[in-house]
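Letter by letter, the chains look like this.
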Amino acid sequence: MANFPKDFLFGVATSSYQIEGAVNEDGRTPSIWDTFSKIKGKTYNGDTGDIACDHYHRYKEDIGILKEIGVKAYRFSIAWPRIYPEKGKFNQKGMDFYKKLIDELLKNNIKPVATIYHWDLPQWAGDLGGWLNRDSIYWYSEYSQKLFKEIGDVVPMWITHNEPWCASILSYGIGEHAPGHKDYREALIAAHHILLSHGEAVKIFRDMNIKESQIGITLNLTPAYPATEKEEDYLAAKYADGFSNRWFLDPIFKGKYPVDMIELYKKEIGEFDFIKNEDLGIISQPIDFLGINFYSRSIVKYDENSLIKGEAVEGPGKKTDMGWEISPESLYDLLKRIDKEYTNMPIYITENGAAFKDIVNKDEVHDQERIEYVKEHLKYAIKFIEDGGNLKGYFLWSLLDNFEWAYGYSKRFGIVYVDFETQKRILKDSAIWYKEVINKNLIDN
Ligand SMILES: OC[C@@H]1[C@@H](O)[C@H](O)[C@@H](O)c2nc(CNc3ccccc3)cn21
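In every chain, residue numbers begin from 1 and rise along the written sequence. Given that this is a predicted model, residues contribute local features only at a pLDDT of at least 70 and side-chain atom pairs are listed and counted only at 80 or more, while totals for whole chains, interfaces and linings are drawn from all residues. Working from all heavy atoms in the structure, the side-chain values ignore hydrogens and water.

> Would you mind showing me how to read the overall build of the chain here?
Secondary structure elements are taken from DSSP: a helix is a run of H or I of four residues or more, a strand is a run of E of two residues or more, and numbering for both begins at the N terminus. Within the chain one finds 15 helices and 17 strands. A compact globule built from 445 residues should have a C-alpha radius of gyration of about 22 Å, and the chain, at 21 Å, falls within 12% of that. Considering the chain as a whole, with its 445 residues, one finds that 62% of them fall into the buried category. Across the chain, the fraction of contacts at a sequence separation of at least 24, relative to all contacts at a separation of at least 6, is 77%. Taken over C-alpha atoms, the radius of gyration is set against a globule rule of 2.2 Å times the number of residues to the power 0.38. Burial classification: accessible surface area is computed with a 1.4 Å probe over protein chains only, and a residue below 20% of its type maximum counts as buried, one above 50% as exposed, and the rest as partly exposed. Two residues qualify as a contact provided that any one of their heavy atoms is within 4.5 Å of a heavy atom in the partner residue.

> What am I meant to see in the site of the ligand here?
For this purpose, a residue is taken to be near a molecule or strand whenever a single non-hydrogen atom of the residue falls within 4 Å of it. In the vicinity of the ligand lie 16 residues, with Q18, E163, E351, E404 and W405 positioned nearest. N or O atoms closer than or at 3.5 Å make up a polar contact, with two conditions inside protein: a donor-capable atom paired with an acceptor-capable one, and, for residues adjacent in sequence, both atoms drawn from side chains. At 2.7 Å from an oxygen atom of the ligand is found a side-chain nitrogen or oxygen belonging to Q18. Between W405 and the ligand, the recorded distance is 2.9 Å, taken from a side-chain N or O atom to an oxygen atom. Summarising the interface, the protein chains cover 89% of the accessible area of the ligand, which totals 460 Å² for the free molecule. For the shell around the ligand, a count of residues per class yields 8 nonpolar, 5 polar and 3 charged. Method for areas: the Shrake-Rupley scheme with a 1.4 Å probe, in which residue coverage is limited to the protein chains shown. Nonpolar residues are Ala, Val, Leu, Ile, Met, Phe, Trp, Tyr, Cys and Pro. Charged residues are Asp, Glu, Lys and Arg, and all others, Gly as well, are polar.

> Which parts of the structure should I look at to understand the pairing of strand β4 (residues 111-117)?
A regular strand places its side chains on the two faces of the sheet in alternate fashion. Of all 7 residues that make up β4, 6 are buried, and the element is covered over most of its length. We treat two strands as partners when DSSP finds at least two bridges between them. The pairing of strand β3 (residues 73-77) with β4 spans 5 bridges and is classified as parallel. Opposite S77, over in β4, you have T115 as the bridge partner. As paired strands, β4 and strand β5 (residues 157-162) are joined by 4 bridges and run parallel to one another. Of the residues in β5, the one forming a bridge with V113 is M157.

> Can you walk me through the sheet that holds strand β6 (residues 214-220) in this structure?
In any sheet, the strands associate via hydrogen bonds between backbone groups, in a parallel or an antiparallel arrangement. With respect to topology, 8 strands assemble into a closed barrel ordered β2-β3-β4-β5-β6-β8-β11-β14, the strand pairing being parallel. Between one strand and the next, the sheet's axes are offset by a mean angle of 25°, whatever the strand orientation. As judged from the 4 bridges shared by β5 and β6, these two strands associate in the parallel manner. Within β6, the residue paired with N162 across the bridge is T218. Lines are fitted to the C-alpha atoms to define the axes, a helix being fitted only along its stretch in contact, and any angle between axes, read from their N-to-C directions, falls within 0 to 180 degrees. Of the strands in this sheet, β4, β5 and β6 touch helix α7 (residues 136-151), which is tilted by about 160° from β4.

> Hey, could you run me through the pairing of strand β14 (residues 391-397) in this one?
A large share of β14 lies buried, amounting to 6 of its 7 residues. Pairing of strand β2 (residues 9-13) with β14 involves 5 bridges; the strand directions are parallel. Looking across to β14, one finds that V12 is bridged to L396. Relative to β14, strand β11 (residues 347-352) is paired through 4 bridges, and the arrangement is parallel. The residue of β14 that forms the bridge with I349 is Y394.

> What's the story with the side chain of N245 in this structure? I'm lost.
Residue position: N245 is located in helix α10 (residues 231-254). At a separation of 2.7 Å, a polar atom in the side chain of N245 contacts the side chain of D241. Leaving out residues up to four positions away in the same chain, N245 has contacts with N220, L221, T222, P223 and R337.

> For this particular structure, what's the right way to read the sheet that holds strand β9 (residues 298-302)?
Read from one edge of the open sheet, 3 strands run β7-β9-β10, paired in mixed fashion. Every interior strand has two partners, whereas the edge strands, β7 (224-226) and β10 (310-313), have only one. Neighbour-to-neighbour, the strand axes of the sheet open up by a mean angle of 45°, direction not taken into account. Both β7 and β9 contribute to a ladder of 3 bridges, which runs parallel. By the bridge assignment, P226 is partnered in β9 with V300. Running at roughly 130° to β9, α10 makes contact with β7, β9 and β10 of the sheet.

> For this particular structure, what's the right way to read the packing of helix α9 (residues 184-208) against α10?
Any two packed helices are characterised by the angle at which their axes cross and by the distance between the axes. Axis separation between α9 and α10 bottoms out at 11 Å; the angle between their running directions is 35°. You can see that α9 and α10 cross each other, and the crossing is right-handed. Contact with α9, carried on its side by Y184, L188, A191 and L195, involves F243, W247, F248, P251 and I252 of α10 and no other residues of that element. Residues belonging to the contact of α9 with α10 are distributed by class as follows: 9 nonpolar, no polar and no charged. Crossing handedness follows the turn of the near helix against the far one: under a right angle anticlockwise gives a left-handed crossing, and clockwise gives a right-handed one.

> I would appreciate a short explanation of the packing of helix α5 (residues 92-107) against α7 in the present structure.
Two numbers describe how α5 lies on α7: the axes approach to 11 Å, and their chain directions differ by 50°. It follows from the interaxial angle that α5 and α7 lie oblique. For the element pair α5 and α7, the recorded crossing hand is right-handed. Here Q92, M95, K99 and I102 of α5 lie close against α7, whose contacting residues are L147, E150 and I151. Roughly parallel here means an angle under 35 degrees, roughly antiparallel means over 145, roughly perpendicular means 65 to 115, and every remaining angle is called oblique.

Encoded structure:
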């Protein structure tokens, strides 16, 4: 048996484009994901977020499920295209949806945790170059300042960005996510502007002196391990760590980009002329907490021909339906590393969870694999806390089965099953198990 601290914050997480639907309602205009998902071949089966979980209309029912499970907090994201459907034009109806959502959460004694940006950039911004345009910093500042003014007094935890790595590298470099570009210089320019917009939003938040509220950022961090004891594989692991982790951790916590990665990238992308003198000082504005999204680790072997001198090799552990190795001990390694090398400010695991092939049988879903995945990761979370680690909460990804980006509806991460034909919700065994963990504040072995 392993106990959590009495004030440990148990939650679940979702994001706007993945659950809301209602893409043309109350003044919302398209995001880059509305556009991208309609391009043939970009998403599994041509799936889009047009309807998703119809959460825009069913939010009261879904908050009722949160209450039933007993979560203490709910991490959701705000759809920028509902708030500013056109450049510079605020949409009160879009804001009113989130005010109603937050009111319903507070009525049920659930702490709202708002992610300002979870990848659904308004298409009007995309048309102006998106995150490649340094003006994106000003568009984002206007957006975040309006949110702080409208709901700053009822949202105790703000997350500026969800996974800058995905919003830049995966989206402008690898091309798997919207807008689907494959240009590594673009990816680093986008990453820089996203980080800069984070710093500017933190400055605005501080200047507004919003009481009883904290601000942070969520990074997806993937510990990298060498495939063998060969020196070249250790080098490959170092570069993989720079690619996934240090490129974002260092500017935020050390006020500089990692030199080894700058040297490595310079050959490919040329000069870093998009970085202005004052930028790193803005990016490294002090924050109140770090959000970490952890799912798995990477194992790498040296590869002379790859940009980052390495390629991933399959790990020995069991895999989830995403093909990601289940490696809960790597979460512990990661947390210890962050604590030792970066910060001992409060950390929240803002996403952790797994996709498995769920089968409905007489309105039940026996997802024991998901229970085991979450249980093992929570055990290592407790181990870190028992070491003195400043881990303050855990948000399970996700509340509902939802639109899994390029995988569409083919991958189910929810602890609540969604029948997308009928929109019926069915609590999986994992939801019942999580309810018990929260209620008892401990993990049974
Ligand atoms: O893939 C599951 C979730 C996804 O639904 C969330 O919107 C997103 O925040 C999220 N991030 C990761 C981890 N990072 C990642 C790495 C490669 C591709 C996609 C996501 C997993 N997830």
